[in-house]
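Structural overview
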Amino acid sequence: MTPEQLVRIRLKVEKRIAEIDVFLAEDDPESKPVAPDVAIGRLSRLESMQSQQMSLAQRRRQREEKERLENALERINGGAYGNCAYCLSPISYERLEAMPDAVVCVSCAR
Ligand SMILES: [Zn+2]
């Protein structure tokens, strides 16, 4: 990987982390209790609990992705980025471009 490619990936990682930060800064569903039955009716209460569950799961995924991206950023800044964690061979730029938080190469990921 060339230094230019590394810079491009670092920008991509930083941009994605910023996007996730914006997403996570939005209303936290955990802080919003679902309204009681009487207020919105049983069925819509169920629906609103389901959508709360979905948005909690989505937030969890975003937090996990952010963690992986931050690890990637650390490796980029530490100069240890781009090698497979298993076989230690370089991960292809195409793969890192598509998945900057990848820690294993294509063959080891199979
Ligand atoms: Zn590998």
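The following paragraphs examine the structure supplied in this document.

A few words now on the overall build of the chain. When helices and strands are counted, the chain shows 5 helices and 0 strands. Mapped in sequence order, the helices and strands of the chain form the string α-α-α-α-α. Expressed as a percentage of its 110 residues, the buried residues of the chain come to 26%. Counting contacts in the chain only where the partners sit at least 6 residues apart, residues at least 24 apart contribute 57% of the total. Of the roughly 7700 Å² of accessible surface on the chain, 54% is carried by carbon and sulfur atoms.

What follows concerns the coordination of the zinc ion. At the metal site, the zinc ion is ligated by Cys84 (SG), Cys87 (SG), Cys105 (SG) and Cys108 (SG), and these contacts range over 2.3 Å. One can describe the site at the zinc ion as tetrahedral: its 4 donor atoms subtend angles covering 105 to 116° at the metal. According to the relative accessible area criterion, Cys108 is partly exposed, its value standing at 28%.

Okay, helix 1 (residues 3-25) next. An α-helix turns once every 3.6 residues. As a result, residues three or four positions apart point the same way. For helix 1, built from 23 residues, the straight-helix expectation of 33 Å at 1.5 Å per residue is met to within 8% by its first-to-last C-alpha distance of 33 Å. Among all positions in helix 1, only Gln5, Ile9, Val13, Ile17, Ile20 and Leu24 are buried. Contacts made by the buried residues of helix 1 are with helix 3 (42-78) and helix 4 (93-98).

Turning our attention to the nonpolar core. Within the largest apolar cluster, 17 residues are counted, with the highest numbers of intra-cluster contacts made by Ile9, Val13, Tyr81 and Leu96. Non-local contacts of Val13, meaning those with residues more than four positions away in its chain, are made with Leu69, Leu73, Ile76 and Pro100.

So, about the packing of helix 1 against helix 3. The geometry of helix 1 relative to helix 3 is characterised by a closest axis approach of 9 Å and an angle of 150° between their N-to-C directions. On the basis of their axis angle, the class for helix 1 and helix 3 is roughly antiparallel. Along this stretch, helix 1 crosses helix 3, giving a crossing that reads as left-handed. Where helix 1 approaches helix 3, its residues Leu6, Ile9, Arg10, Val13, Glu14, Arg16, Ile17, Ile20, Asp21, Phe23 and Leu24 are matched on the opposing element by Gln58, Arg59, Gln62, Arg63, Glu65, Lys66, Leu69, Glu70, Leu73, Ile76 and Asn77. When grouped by side-chain class, the residues that make up the contact of helix 1 with helix 3 number 10 nonpolar, 3 polar and 9 charged.

A few words on the pattern of salt bridges. For the structure on display, the rule yields 6 salt bridges. Two residues, Lys66 and Asp21, come together in a salt bridge whose shortest N-O distance is 2.7 Å. Taken as a pair, Lys66 in helix 3 and Asp21 in helix 1 lie far apart in primary sequence, 45 residues in all. Connected through salt bridges with shared partners, the residues Lys15, Arg16, Glu19 and Glu65 form a single ionic network.

Next up on the list: unusual backbone geometry. At Leu88, a residue that is not glycine, the phi angle is positive and equals roughly 65°. Position of Leu88 relative to the elements: it lies in the loop between helix 3 and helix 4. A relative accessible area of 61% means that Leu88 is categorised as exposed.

About the cut-offs
- Residues numbered from 1 in each chain as written.
- Predicted model: local features only at pLDDT ≥ 70, side-chain atom pairs only at ≥ 80, totals over all residues.
- Heavy atoms only, no water.
- Helix = DSSP H or I, 4+ residues; strand = E, 2+ residues; numbered from the N terminus.
- Buried < 20%, exposed > 50% of the residue type's maximum accessible area, 1.4 Å probe, protein only.
- Contact = heavy atoms within 4.5 Å.
- Areas by Shrake-Rupley, 256 points an atom, 1.4 Å probe, with all protein chains shown as cover.
- Donors = N, O, S within 2.8 Å, 3.2 Å for Na, K, Ca; no water.
- Tetrahedral: all angles 85-135°; square planar, octahedral: opposite > 155°, others 65-115°.
- Expected span 1.5 Å × (residues − 1).
- Core = buried A, V, L, I, M, F, W, Y, C linked by side-chain atoms within 4.5 Å.
- Axes fitted to C-alpha atoms, helices over the stretch in contact; angles between N-to-C directions.
- Parallel < 35°, antiparallel > 145°, perpendicular 65-115°, else oblique.
- Left-handed = near helix turned anticlockwise from the far one by under 90°.
- Nonpolar A, V, L, I, M, F, W, Y, C, P; charged D, E, K, R; others polar.
- Salt bridge = Lys/Arg side-chain N within 4 Å of Asp/Glu carboxyl O.

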